Amino acid sequence: MHQDLYPSGLPDPQFHPDFYQDVTSKRFFAWIIDVIIISILTIVISTVTIIGLFIIPLVFLAVDFLYRSLTIASGSATLGMRVMSVELRTYDGERLSAGMAAMHTLLYMVSFGIFLAQIATIFVMITSPRGQGLVDRLLGVVAINRAAR
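Cut-offs and rules
- Each chain carries its own residue numbering, running from 1 in the direction its sequence is written.
- In view of the model being predicted, local features appear only for residues whose pLDDT reaches at least 70, and side-chain atom pairs are presented and counted only at 80 or more, with totals across whole chains, interfaces and linings using the full set of residues.
- Derived side-chain values reflect all non-hydrogen atoms in the structure, with water molecules and hydrogen atoms excluded from consideration.
- Nonpolar side chains (Val, Leu, Ile, Met, Phe, Trp, Tyr) within 5 Å and like charges within 9 Å form the patches, drawn only from residues with over 30% relative accessible area and no salt bridge.
- Here the open area of atoms and residues is found with the Shrake-Rupley method and a 1.4 Å probe, where only the protein chains shown may cover a residue.
- Salt bridge, as used here, is a side-chain nitrogen of Lys or Arg placed within 4 Å of a carboxyl oxygen of Asp or Glu.
- The helix and strand labels rest on DSSP assignments: H or I over at least four residues marks a helix, E over at least two residues marks a strand, and numbering proceeds from the N terminus.
- Only protein chains enter the accessibility calculation, which uses a 1.4 Å probe; a residue is then buried when its area is under 20% of its type maximum, exposed when over 50%, and partly exposed in between.
- Buried Ala, Val, Leu, Ile, Met, Phe, Trp, Tyr and Cys residues that are joined via side-chain atoms within 4.5 Å together make up what is termed a nonpolar core.
- Contact criterion: two residues are considered in contact whenever any of their non-hydrogen atoms come within 4.5 Å of each other.
- A pocket, in this scheme, is an open set of points on a 1 Å grid over the protein atoms alone with protein on both sides within 12 Å along at least 5 of 7 lines, while a cavity is a set where a 1.4 Å probe fits but cannot get out; residues line either one if an atom lies within 4 Å of a point.
- Grid points are joined across faces, edges and corners, and a volume is the space filled by probe spheres set on the points.

Enquirer: Sorry, what's going on with a nonpolar patch on the surface here?
Expert: A surface patch of nonpolar side chains, about 820 Å² in accessible area, is lined by Ile-50, Ile-51, Leu-53, Phe-54, Ile-55, Ile-56, Leu-58 and Leu-61. Structurally, Ile-51 is set in the loop between helix H1 (23-49) and helix H2 (56-75). Accessibility expressed as a relative area gives 59% for Ile-51, which makes it exposed.

Enquirer: Explanation requested: the nonpolar core in the structure shown.
Expert: Nonpolar side chains in soluble globular proteins tend to end up buried together. Counting residues in hydrophobic clusters, the biggest one holds 13 residues, and the most contacted among them are Ile-72, Met-81, Val-86, Leu-88, Leu-96, Val-141 and Ala-143. Looking at this core, the elements that each hand over two or more residues are H1, strand S1 (86-90), helix H6 (134-139) and strand S2 (141-145). When sequence neighbours within four positions are dropped, the list of residues in contact with Ile-72 reads Ala-77, Thr-78, Leu-88, Leu-96, Ala-101 and Thr-105. In terms of nonpolar packing, the next biggest core, distinct from the first, is built from 5 residues, Phe-19, Tyr-20, Val-142 and Ile-144 among them.

Enquirer: Would you take a moment to explain the layout of surface pockets for this structure?
Expert: One water molecule sets the probe size; rolling that probe over the atoms shows where empty space is left. The space that makes up the largest pocket amounts to roughly 580 Å³. Looking at the largest pocket, it is lined by 24 residues, and the ones nearest its centre are Trp-31, Tyr-108, Gln-118, Thr-121 and Met-125. Elements supplying a minimum of two residues to the lining of the largest pocket: H1, H2, helix H4 (98-112), helix H5 (115-127) and H6.

This is how it looks when you write it as structure tokens:
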């Protein structure tokens, strides 16, 4: 085993900091891009279906879940993450499967609704060497800079 790799296969942030540099801030900007895309899709779907106008929050949640799950499953990153050159990897260094992408999205959405979980996630992301949030740690997922690969 190389000393510069975790036993899991991920690069060690001490020996390869470029994989993790600015990932937390990039994820924040990626999140903003994704919320804009999801909001536009929600407005389009809600206006086209007309009934969607009466249930916009539910349409937003459905679009959010599908958008995040499908984009992460197809390329291990949402469109916002791709713009910011960030991708999600498992502790084995593999891309997220469809099931793992759906689970990550579901737990993200649940944790987003819990204020203390969001505060803890921000704190953990800022202080951990790999910039992981609570959901990332729970599922064994890491966000890395795609350009560093």
